[in-house]
Amino acid sequence: QVQLVESGGGLVQAGGSLRLSCAASGRTFSGYDMGWFRQAPGKEREFVATIRWNDGNTYYAGSVKGRFTISRDNAKNTVYLQMNSLRPEDTAVYYCGASVPSYTFRVTPNAYTYWGQGTQVTVSS
């Protein structure tokens, strides 16, 4: 079992920045690919970014590429999502997920085994 706890959400004006954290406990964190997803009211959970365990490579949704950066610190069992140039359409609950490692990028929610409880991000115009 892996337990995930997100933090760092909040209210920010358009153009601002936030850094989300996802702290893991339980089984070895470094053995998992990690991803960030988000879900706005009335919408399905959508992929934001992922980072692979085996090589540290990253992949982003087109809507956030160039604005968001995913990173991980295996020593701290934590994955981060640095969000810059935030837009009102980025408003959502943000979730981190853990997936068994793969040589492909996991971009669908059903590829992830463990999830956190989510953290709200609200961007005002």
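Note that this is a predicted model, so its numbers are computed, not measured.

A. How the structure looks around the overall build of the chain. Scanning the chain from terminus to terminus reveals zero helices and 11 strands. Sequence-ordered secondary structure for the chain, helices as α and strands as β, is β-β-β-β-β-β-β-β-β-β-β. Whereas a compact globule of 125 residues would reach a radius of gyration of roughly 14 Å, the chain reaches 13 Å, a difference of no more than 12%. Along the first, second and third principal axes, the C-alpha set of the chain runs to 40 × 25 × 25 Å. In the chain, which comprises 125 residues, the share counted as buried stands at 44%. For the chain, contacts bridging at least 24 residues in sequence account for 60% of all contacts bridging at least 6. Accessible surface, the chain: about 6,200 Å² in total, of which carbon and sulfur atoms supply 48%. In the chain, the 12 positive side-chain charges and the 8 negative ones have mean positions that sit 2 Å from each other.

B. Quick peek at the environment of Asp90. Positionally, Asp90 belongs in the loop between β8 (78-83) and β9 (92-99). Sequence-wise, Asp90 and Thr122 are 32 residues apart; in three dimensions their C-alpha atoms are separated by 7.5 Å. The contacts of Asp90, once residues within four sequence positions are left out, are Arg38, Arg67, Phe68, Ser85, Val121 and Val123.

C. The arrangement of the pattern of salt bridges in detail. This structure, assessed with the given rule, holds four salt bridges. The partner of Arg38 in a salt bridge is Glu46, with the nearest N and O atoms 2.6 Å apart. Take Arg38: its relative accessible area is 5%, and that puts it in the buried class. Residue Asp90 is joined to Arg38 by a salt bridge in which the shortest nitrogen-to-oxygen separation is 2.9 Å. Remark: Arg38 occurs in strand β4 (residues 33-39) and Asp90 occurs in the loop between β8 and β9; sequence separation between them is 52 residues.

D. Quick look at the nonpolar core. In this structure, Leu4, Trp36, Leu81, Met83 and Tyr94 are the most contacted members of the largest nonpolar core, which totals 33 residues. When contributions to this core are tallied by element, the ones reaching two or more residues are β1 (2-7), β3 (18-26), β4, β5 (46-51), β7 (68-73), β8, β9 and β11 (119-124). Not counting the four nearest positions on each side in its chain, Met83 is found in contact with Gly16, Ser17, Leu18, Leu20, Arg67, Phe68, Tyr94 and Val121.

E. Up close: the side chain of Arg106. Relative to the helices and strands, Arg106 resides in the loop between β9 and β10 (114-115). A polar side-chain atom of Arg106 sits 3.0 Å from the main-chain carbonyl oxygen of Val100. In contact with Arg106, other than residues within four places in its own chain, are Asp33, Phe47, Thr50, Ser99, Val100, Pro101, Ala111 and Tyr112.

F. Structural view of the environment of Gln1. Tracing the sequence through the fold places Gln1 in the segment before β1. Separated by 25 residues in the primary sequence, Gln1 and Gly26 have C-alpha atoms spaced 5.8 Å apart.

What counts, and where the lines are drawn
All residue numbers refer to position in the chain's written sequence, counted from 1. Only residues with pLDDT of at least 70 get local features here, since the model is predicted, and only at 80 or more are side-chain atom pairs given and counted; chain-wide, interface and lining totals rely on the full set of residues. Only heavy atoms go into the side-chain values, all of them from the structure, while hydrogens and water stay out. Counting from the N terminus, the helices are the DSSP runs of H or I reaching at least four residues and the strands are the DSSP runs of E reaching at least two. As a reference, a globule follows 2.2 Å times the number of residues to the power 0.38, and the radius of gyration itself is taken over C-alpha atoms. Buried, partly exposed and exposed residues are distinguished by accessible area as a fraction of the type maximum, computed with a 1.4 Å probe on protein chains only: under 20%, between the cut-offs, and over 50%, respectively. Throughout, a residue-residue contact means that at least one pair of heavy atoms, one from each residue, lies within 4.5 Å. For the accessible areas, the method is Shrake-Rupley and the probe is 1.4 Å, while residue cover comes only from the protein chains on display. Only four residue types enter the charge count, namely Lys and Arg as positive and Asp and Glu as negative; His and the chain termini do not. To locate a charge, the coordinates of NZ of Lys, CZ of Arg, CG of Asp or CD of Glu are taken. Any carboxyl oxygen of Asp or Glu that lies within 4 Å of a side-chain nitrogen of Lys or Arg is treated as forming a salt bridge with it. Working definition of a nonpolar core: buried Ala, Val, Leu, Ile, Met, Phe, Trp, Tyr and Cys residues. They are joined through side-chain atoms within 4.5 Å. The term polar contact refers here to a pair of N or O atoms within 3.5 Å; inside protein, the definition further demands a hydrogen-donor-capable atom paired with an acceptor-capable atom, and it admits residues adjacent in sequence only when both atoms are side-chain atoms.

These figures come from the coordinates and say nothing about function on their own.
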